[in-house]
Amino acid sequence: MSALTVGFDLDMTLVDSRPGIAATHRALTARTGVYVDADAAVSRLGPPLRVEIARWFPPEQVDSAVVTFRELYPAYAITPTAPLPGAAEAIAAVRARGGRVLVVTSKLGALARLHLDHLGLTVDEVAGDLFAEEKATALRAHVATHYVGDHVADMVAAHAAGVPGIAVATGPCSREELAAAGAEVVLDDLTEFPGALEGLVRLALTE
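Let me begin by describing the structure that accompanies this report. (Residues numbered from 1 in each chain as written. Predicted model: local features only at pLDDT ≥ 70, side-chain atom pairs only at ≥ 80, totals over all residues. Heavy atoms only, no water.)

### Some details on helix α7 (residues 133–141)
Move 1: Among the residues of α7, those classed as buried are Lys135, Ala136, Ala138 and Leu139. Angular distribution of buried residues about the axis of α7 spans 165°; they occupy a single face of the element.
Move 2: Residues of α7 that are buried sit in contact with β1 (5–8), β4 (100–104), β5 (125–127), β6 (146–149) and α8 (152–161).
Move 3: Downstream of α7 by a residue or two, Val143 has a phi angle that is positive, lying close to 55°. (Buried < 20%, exposed > 50% of the residue type's maximum accessible area, 1.4 Å probe, protein only. Helix = DSSP H or I, 4+ residues; strand = E, 2+ residues; numbered from the N terminus. Arc of directions from axis to C-beta. Contact = heavy atoms within 4.5 Å.)

### Comments concerning the sheet that holds β5
What links the strands of a sheet is backbone hydrogen bonding, and the strands pair in either a parallel or an antiparallel sense.
Move 1: With parallel pairing, 6 strands are arranged side by side in an open sheet as β5-β4-β1-β6-β7-β8. The strands lining the two open edges of the sheet, one partner per strand, are β5 and β8 (185–187). Strand-to-strand, the axes of this sheet are offset by a mean angle of 25°, without reference to chain direction.
Move 2: With 3 bridges connecting them, β6 and strand β7 (residues 165–168) associate as parallel partners. Counted as the bridge partner of Gly149 is Ala167 from β7.
Move 3: In this fold helix α5 (residues 87–96) packs onto β1 and β4, with an angle of close to 140° to the strand it touches most, β4.
Move 4: Sheet contacts for α7: β1, β4, β5 and β6; angle to β4, the most-contacted strand, approximately 155°. (Pairing = 2+ DSSP bridges. Axes fitted to C-alpha atoms, helices over the stretch in contact; angles between N-to-C directions.)

### Regarding α5
Move 1: Taken as a whole, α5 has its buried residues at Ala87, Ala90, Ile91, Ala93 and Val94. Buried residues along α5 cover an arc of 155° about the axis, so they all sit on one side.
Move 2: Gly98 sits one or two positions beyond α5 and adopts a positive phi of about 75°.

### Examining the environment of Tyr73
Move 1: With respect to the helices and strands, the residue Tyr73 is situated in helix α4 (residues 59–77).
Move 2: Exposure remark for Tyr73: the relative accessible area of 2% places this residue in the buried category.

Now the structure itself:
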């Protein structure tokens, strides 16, 4: 039987980063003169940054805009970001069972660490710049037993890693979409995670 090791997505799973990301997009517009609808951008968090940037910038400017966005990010995005309800308690519930906590995110690992440190969310490992099936590489490398996320691509990641996908309906995807993507369970938010953990452990560790 494997030891409990739970991976969590970051944006809209552990943290509500929409205000900070919107502020960074507005700063990017001010810096570059290229309009980005910040409210629209944060309504679809999940995919890699360059996917959103490519909606607004011509192809030849996408790479430089991504670099600029990431340069602006620490000054604009960290302070406005808040933990989502139940985030700290979900991490504590894993630790209470002697488990390890991973964050596996499409955000650069260094930027993810800034959020976690600012909010006092302590995790064992952070793997960044990964999306959908790419996240499975990190989940397998760290012998994850579960993966928790808000996006259908997170359920794809869990399936690719061969672990149960636990969905939280706190992001851009509906409960129906998350279930259709293969979630073993769909929670309203992380406040339900500690109560569900016993059943989730049995699901993963006794298969």
